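Listed below are the residues making up each chain.
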Amino acid sequence: MSLVPEVAARDGSGSSAYGTRAHSPGMRGALAIAGVFLVTLVAAAADSYIGLGLGMITLVALTAGTIGAALVTRRSDLLSVLVAPPLVFVAVALLNIGLAPSASLNLPTLATLLVRGFPAMGLATGVALVITLGRLAARR
């Protein structure tokens, strides 16, 4: 005689009573954040080639990438997309400083990029917050 029943009780969603989750539709948060990083990195390269530092192209790319990530990420991973824009911007800024032949990686240079990039980080985070709240409210 087995202690585990042969057929697990199932509810309407297809998950069993023993805690297995039904497959959640959407992309994993880490993969979506990697996409935002790559889009922002390409835009930052274009921005650095055209002008000095990270500017409008990077802002648009970070915001657009965050919108896309917030729309395609599964609901359980939305928090990662919500906190990603500042982290992605800092990573892109560090790579930009490290790869620029005329820039040196020091505190004043990093501080300047972060202060100039604050609107991009704030706008992308705000958009992610609005989309996240909208998606969570629509689920209920």
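Residues numbered from 1 in each chain as written. Predicted model: local features only at pLDDT ≥ 70, side-chain atom pairs only at ≥ 80, totals over all residues. Heavy atoms only, no water.

J.: Kindly report on the side chain of Thr-66, identifying the contributing residues and their values.
T.: Its place among the elements puts Thr-66 in helix H2 (residues 56-72). Take Thr-66: its relative accessible area is 1%, and that puts it in the buried class. Once you skip the residues sitting within four places of it in the chain, Thr-66 turns out to touch Val-36, Val-81, Pro-85, Ala-124 and Ala-128. (Helix = DSSP H or I, 4+ residues; strand = E, 2+ residues; numbered from the N terminus. Buried < 20%, exposed > 50% of the residue type's maximum accessible area, 1.4 Å probe, protein only. Contact = heavy atoms within 4.5 Å.)

J.: Please set out the pattern of salt bridges residue by residue, giving values where relevant.
T.: By the definition in use, this model includes one salt bridge. The partner of Arg-74 in a salt bridge is Asp-77, and the shortest N-O contact between them spans 4.0 Å. Its relative accessible area of 12% is what places Arg-74 among the buried residues. (Salt bridge = Lys/Arg side-chain N within 4 Å of Asp/Glu carboxyl O.)

J.: Describe helix H3 (residues 78-99), naming the residues involved and giving the relevant values.
T.: In this model H3 runs 31 Å from its N-terminal to its C-terminal C-alpha over 22 residues, within 8% of the 32 Å that 1.5 Å per residue would give. The principal kink in H3, of about 50 degrees, is found at Ala-84, preceding the proline Pro-85 by one to four residues. The complete set of buried residues in H3 reads Leu-78, Val-81, Leu-82, Ala-84, Pro-85, Val-88, Phe-89, Val-92, Ala-93, Asn-96 and Ile-97. For H3, the secondary structure elements touched by its buried residues are helix H1 (29-50), H2, helix H4 (107-116) and helix H5 (118-139). (Expected span 1.5 Å × (residues − 1). Bend = angle between axes of the 7 residues up to and from the residue.)

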